[in-house]
Amino acid sequence: MIYDYEEKEGYVSLWIGKCKDYSAIDDYLSTKDFDDDFDGDIEKAESNEIWKKLFIPANRDRPFEEELKELFNYEFFNQFEYDFGLSFDEDFREAEVLDGDTKNLEKLFSGFSYCDSFLDKVINMKNSHLPECNTAVALYDFKYDGSILKAEHENFQLYFLGYCKYDN
């Protein structure tokens, strides 16, 4: 199972990384609708160049790969969900891209909703291997298990930082 929303209320899952600009991270986190291209023929859809490119052959053996295909149903695709093997509600996400790089997690997350209730916990997540970042992502009412820790693409890299409780 890629994700279970039950009993996750009050948790926030956090990612940090580097991104060229906000539009790149927003595009990465947003679902693309291919509804017009799918006519119900799965064999035809799987031979489509779009789906061959999106469902990477190296990931074929991931335990949730088939579940993601079923979830997307050849009608839509979310790169972030695919990369980290999860499904989330886009209404409960926030992202920010700063002008410059920092190792200061407080600076990365300070503008986020409810940050006053989780910022001290985020600062405690800090470790000595923290890269300089300009990007932060938060998924609310979401407790990601960290089964995939990073995703890298041409315009950005994201690293799973962890999850903690927050108060709304």
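One structure accompanies this document, and this report is about it. Predicted, not measured: the structure shown is a model, and the values here were computed from it.

About the thresholds
- Residues numbered from 1 in each chain as written.
- Predicted model: local features only at pLDDT ≥ 70, side-chain atom pairs only at ≥ 80, totals over all residues.
- Heavy atoms only, no water.
- Helix = DSSP H or I, 4+ residues; strand = E, 2+ residues; numbered from the N terminus.
- Buried < 20%, exposed > 50% of the residue type's maximum accessible area, 1.4 Å probe, protein only.
- Pairing = 2+ DSSP bridges.
- Core = buried A, V, L, I, M, F, W, Y, C linked by side-chain atoms within 4.5 Å.
- Contact = heavy atoms within 4.5 Å.

## Observations regarding the environment of N104
Structurally, N104 can be placed in the loop between β4 (93–102) and α6 (105–109). On the basis of relative accessibility, which here comes to 35%, the residue N104 falls in the partly exposed class. Spatially, the C-alpha atoms of N104 and N134 are 9.7 Å apart, while their sequence positions differ by 30 residues.

## What about the pairing of strand β5 (residues 133–140)?
Extensive coverage of β5 is indicated by the burial of 8 of its 8 residues. Here strand β1 (residues 11–19) pairs with β5 via 6 bridges, running antiparallel. The partner of V12 across the bridge, within β5, is Y140.

## Observations concerning the pairing of strand β6 (residues 150–153)
The pairing of β6 with strand β7 (residues 156–165) spans 4 bridges and is classified as antiparallel. Across the sheet, residue E152 finds its bridge partner in β7, namely Q157. Taking the residues between adjacent antiparallel strands as the criterion, β6 and β7 are bridged by 2 residues.

## Examining the nonpolar core
Nonpolar side chains in soluble globular proteins tend to be buried together. Judged by nonpolar contacts, the single largest core of 31 residues is most densely connected at W15, I25, Y28, F80 and F84. At the level of elements, β1, α1 (22–29), α3 (49–54), α4 (65–72), α5 (79–84), β4, β5 and β7 are the ones that each hand at least two residues to this core. Top element by residues in this core is α1. It accounts for 4 residues. Leaving out residues up to four positions away in the same chain, F80 has contacts with W15, Y28, L29, L86, F88, L139 and L158. Counting 21 residues, the second-largest nonpolar core is a separate cluster that includes L14, F118, V122 and Y140.

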